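Fold and geometry: a report
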Amino acid sequence: MKKPVSSLMYERHGDKVNSTFFEENLIRLLEERDALGLTAMIHEIDALMISVDPGHAIQYIAELALMTPYHYLVTLESEQHLTHVLRIDLNSPDILLREVKDPSLRDIFRSLNEVYPIGAKRPNSRYMGEILRVTDLHGVVDLQQARDFRFFSQDEVRKLELPGNLAVSKPSPYTHNIVAYLERASDETRVYSLGLSTISPEAQAAYENAKSLQTKLGISDLLLPLDHLATRVYSQNREVAILEYLSWSSYYFWGAYNIKDQNSSTNVTKSTHAIPESKSPAKVFTANNTPYFISHLEHLPSPTEIFVRNYGPRLHHMAIAVKDGERHGKEHIDIVVDAISQNGKGFLLDVIGSKEQGLKQIFSNASEHSSLIIEYVQRYGNFDGFFTKENVAKLTEAAGFM
């Protein structure tokens, strides 16, 4: 008989002081989630959903094929969209790359971009959210609806041209992301019920060229699956955004660090199930410590709040793990960054961290196709922790200039 899941058994990390509201309701929500059986029924992140503007998908597939371990698998064609499926393997999340055919098409996801000055310039370019694997779709949805969580109707899912075998949440008021559930046994392949399945000659050619270059550069075996996904939200929404995501998922609150130099905090959540980040990436939430209209009074930096005010609350970066080790006396992350840099992709700063600190990290420039940054992170040996405060401060400062 399986041991009952306990989402409150994990050690807390960090020095960020949370409110009494957060601490009390974190316990209440996770105890309720466990008692209802939701924690046991909701599993890993099966896929990420990203949308791009018309004409950008092929180039973004090439970019991801070069910079990450992802492979182009298939294109699902529906009336208004092309949804390109990228996959590493069934032990790590897929990417569903959604491309609008008609630039004038309007939907709820586009409207989430249009009220923000930079977001509006790329109206269809945004991270949409995650698909979580569940073992009982109807049971999970019924329990979540009883907790007052809202979903698109099946007719709305059809009109939005999202896979018909998903239960899809309404966008979060705090992160603007959606969460979707897909019923699948752990040993079953992933299938997305949407449109006509084809192999796009353009996507295939772009993918093959990028993978050929990746191999030539000698970095194919150094790039590992996703390590974490980092969302940026308004300062006043930090705690509720975390609590909301924990309610939708089977994650727990790992901890938070106050990055005082950048007037922000970085908050980490991880899967309650005993699985590595490569199978279900950590979800990170970053927010200013003070809202923008207070920050200027105290002469404090506001890189996170500036990003959110320009783009809207949304995913900021996807972190790709780099294989620990070195080659010819050069750390793997430095080999990867040098190779990518020499082929036209810029970075926001130099590689930071060290073997002595336990990890090295770097941010790429934001993609012109998705607005997402790629982070590379190499952790050494038995590094005990998720990051260092010094590294996070430097990364946060660098990203403030994007």
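In this numbering scheme, every chain counts its residues from 1 along its sequence in written order. Totals for whole chains, interfaces and linings use every residue, but because this is a predicted model, local features are given only for residues with pLDDT of at least 70 and side-chain atom pairs only at 80 or more, for both listing and counting. To get the side-chain values, all heavy atoms of the structure are used, and hydrogens and water are removed first.

1. As for the overall build of the protein chain
- When its secondary structure is counted, the protein chain shows twelve helices and 19 strands.
- The C-alpha atoms of the protein chain give 20 Å as radius of gyration, which agrees with the globular expectation for 402 residues (21 Å, within 12%).
- Along the three orthogonal principal directions, the C-alpha set of the protein chain runs to about 55 × 50 × 50 Å.
- The buried label applies to any residue whose accessible area, calculated with a 1.4 Å probe on protein chains only, is under 20% of its type's maximum; exposed applies above 50%, and partly exposed to all values in between. Expressed as a percentage of its 402 residues, the buried residues of the protein chain come to 58%.
- Sequence separation of at least 24 residues holds for 71% of the intrachain contacts in the protein chain that already meet a minimum separation of 6.
- As displayed, the protein chain has an accessible area near 16600 Å², and 52% of this comes from carbon and sulfur atoms.
- Counted as positive: Lys and Arg. Counted as negative: Asp and Glu, with His and the chain ends omitted from the count. The atoms used to mark charge sites are NZ of Lys, CZ of Arg, CG of Asp and CD of Glu. Computed over 41 positive and 51 negative side-chain charges, the inter-centroid distance for the protein chain is 1 Å. By definition, any uninterrupted DSSP run of H or I lasting at least four residues is a helix, any uninterrupted run of E lasting at least two residues is a strand, and each is numbered from the N terminus. Every radius of gyration here is taken over C-alpha atoms, with the globule rule written as 2.2 Å times N^0.38, N being the number of residues. Contacts are assigned to residue pairs with any non-hydrogen atoms lying within 4.5 Å of each other. For the accessible areas, the method is Shrake-Rupley and the probe is 1.4 Å, while residue cover comes only from the protein chains on display.

2. Some thoughts on helix 10 (residues 303–311)
- Three or more residues of helix 10 are buried, namely Pro303, Thr304, Glu305, Phe307, Val308 and Tyr311.
- Those residues of helix 10 that are buried are in contact with strand 10 (223–233), strand 12 (264–271), strand 13 (282–288), helix 9 (292–295), strand 14 (314–322) and helix 12 (389–399).
- At the C-terminal side of helix 10, Gly312 shows a positive phi close to 90°.

3. Observations concerning a negative patch on the surface
- Judged by side-chain charge, Asp136, Asp142, Glu183, Asp187 and Glu188 come together as a negatively charged surface patch.
- By secondary structure assignment, the location of Asp142 is in helix 5 (residues 137–146). Nonpolar side chains (Val, Leu, Ile, Met, Phe, Trp, Tyr) within 5 Å and like charges within 9 Å form the patches, drawn only from residues with over 30% relative accessible area and no salt bridge. For this analysis, a salt bridge means a side-chain nitrogen from Lys or Arg found within 4 Å of a carboxyl oxygen belonging to Asp or Glu.

4. Remarks on the sheet that holds strand 6 (residues 126–134)
- Two strands make a pair as long as DSSP finds a minimum of two bridges between them. The eight strands are arranged 7-8-6-2-5-4-3-9 in an open sheet whose pairing can be described as mixed. The open sheet has two edge strands, strand 7 (166–168) and strand 9 (196–198), and neither has a second partner. Shown here is a sheet whose adjacent strand axes are inclined to one another by a mean of 25°, direction ignored.
- Alignment of strand 6 against strand 8 (residues 178–183), held across six bridges, turns out to be parallel. Within strand 8, the position partnered with Val134 by the bridge is Glu183.
- Against the sheet, helix 5 engages strand 2 (42–52), strand 6, strand 7 and strand 8, with an angle of about 145° to strand 8. Angles here are taken between N-to-C directions and fall from 0 to 180 degrees, while the axes themselves are lines fitted to C-alpha atoms, restricted in helices to the stretch in contact.

5. Let's talk about the domain arrangement of the protein chain
- The domain limits used here are those given by an automatic or database domain assignment. Assigned domains within the protein chain: domain 1 (40–212) and domain 2 (215–399).
- The centre of domain 1, based on its C-alpha atoms, is set 22 Å off from the matching centre of domain 2.
- Taken together, the contact pairs 50 residues of domain 1 with 51 residues of domain 2.
- In total, domain 1 and domain 2 occlude about 4300 Å² of area from one another, counting both sides; carbon and sulfur atoms represent 60% of this.
- Between domain 1 and domain 2 we count three salt bridges in total.
- A salt bridge links Glu130 to Lys283, with the nearest nitrogen and oxygen atoms 3.0 Å apart.
- When residues of the side of domain 1 that touches domain 2 are traced back to their parent elements, those giving at least two are strand 2, helix 3 (57–67), strand 6, strand 8 and helix 7 (201–216).
- Broken down by element, the side of domain 1 that touches domain 2 gets its largest block of residues, seven residues, from strand 2. Accessible area, probed at 1.4 Å, shrinks when two parts are joined; the buried area is that loss added up over both.

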